[in-house]
Amino acid sequence: MGEIGSSNDEARRLAQLGYGEGTVVIASSQLKGKGRLGRRWISPPGGLYLSIILKPYSSPSKLPLITIFSLLSAVRTLRGLTKLDVGVKWPNDIVIADKKLGGILCEAAKNTVVVGIGINLNVNISLFPKALKKQVTSIKFELGLNVNRDKVLRIFLEEFDKLYRDFLGKKHDDIIKEWSGLCQTLGSRVKIETTRGEVHGIAESIGEKGELRVRCSDGKIKKVFSGDVVKVNTMENI
Ligand code: BTN
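Here goes a summary of the coordinates provided.

Scoring rules and cut-offs
Residues numbered from 1 in each chain as written. Predicted model: local features only at pLDDT ≥ 70, side-chain atom pairs only at ≥ 80, totals over all residues. Heavy atoms only, no water. Near = heavy atom within 4 Å. Polar contact = N/O pair within 3.5 Å; in protein donor to acceptor, adjacent residues only side chain to side chain. Areas by Shrake-Rupley, 256 points an atom, 1.4 Å probe, with all protein chains shown as cover. Helix = DSSP H or I, 4+ residues; strand = E, 2+ residues; numbered from the N terminus. Buried < 20%, exposed > 50% of the residue type's maximum accessible area, 1.4 Å probe, protein only. Pairing = 2+ DSSP bridges. Contact = heavy atoms within 4.5 Å.

### Some remarks on the site of the ligand
Near the ligand there are 20 residues, and of these Ser-6, Ser-7, Lys-34, Arg-36 and Lys-100 occur at the shortest range. In this structure, Gln-30 approaches the ligand through a side-chain N or O atom, which is 3.1 Å from a nitrogen atom. At 2.7 Å from an oxygen atom of the ligand is found a main-chain nitrogen or oxygen belonging to Lys-34. Look at the ligand: alone it shows 420 Å² of surface, and the protein chains cover 98% of it. When contributions to the shell around the ligand are tallied by element, the ones reaching two or more residues are α1 (7-16), β4 (48-54), β7 (99-109) and β8 (112-119).

### Digging into the pairing of strand β2 (residues 24-27)
Because side chains alternate across β2, one face comprises the buried residues Val-25 and Ala-27, and the other comprises Val-24 and Ile-26, none of which is buried. Sheet analysis places β2 next to β4, joined by four bridges and oriented antiparallel. Across the sheet, Ala-27 pairs through a bridge with Tyr-49, a residue of β4.

### Quick word on the side chain of Ser-51
As for its position among the elements, Ser-51 is in strand β4. By relative accessible area, which is 0% here, Ser-51 ends up buried. Only 2.6 Å separates the side chain of Ser-51 from the side chain of Asn-8, close enough to count as a polar contact. What Ser-51 contacts, discounting residues up to four positions off in sequence, is Ser-7, Asn-8, Ala-11, Thr-23, Val-24, Val-25, Val-114, Val-115 and Gly-116.

### A word on unusual backbone geometry
Of note, the amide linkage connecting Trp-90 to Pro-91 takes the cis form, showing an omega dihedral of 5°. Here the phi dihedral of Leu-37 falls at roughly 55°; this positive angle occurs in a residue that is not glycine. The residue Leu-37 is located in the loop between β3 (29-30) and β4 in this model. For Leu-37, a relative accessible area of 56% corresponds to the exposed category. Non-glycine residue Lys-83 carries a positive phi angle of around 65°. Counting through the fold element by element, Lys-83 comes out in the loop between α2 (63-82) and β5 (86-89).

Take a look at the structure:
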């Protein structure tokens, strides 16, 4: 598709019409791109914006794991093609150093999950609002050249297919292990804003449901299922 409101909304509409698992909606830009927690996802031309319909028939508690393997598919693809040091930040960010390169928005309804992936591929950073410019990056900005969007898309879908099979085959430990190795949040002192207040401590590991396990100052582990990591210092800085 060309320009669209939100590829997630379109995928959800198609799922309601009976389109099945594996249906992919790809947009060249989005007018109403959606981010996590009701935020806007700025989606100028040059980016990769796609949504995939899944029917995993697993419990809603596995939703964070779908985000995790989807992120992993994107990171494997981008690292392989560009050799850039692409990583992840819990819960759903694709990053280079501290800058956001992309994100995943999973939305579930009944037995359908729509996985939305946005990557700043061949995007000019100048197109972002001033307040965001310092926090975001793109592959074009990092490499100084454009990459072939169709190639990125093809390899991403191959990786996604492999990892979805691993997810269905319950290879969750393998997925979490690889993801953890790419995660810049782990091993850092964090402050996380959740709907139930702030959590402070050291981000220690990712649990079996995709939750962040934070070691608090009383020595106890707190499990965080959703929230924003608003402050991260590496251990060396403490
Ligand atoms: C986030 O980091 O907050 C998640 C961003 C997800 C953006 C993608 S772009 C394709 C799909 N369609 C949307 O409206 N959102 C997701």
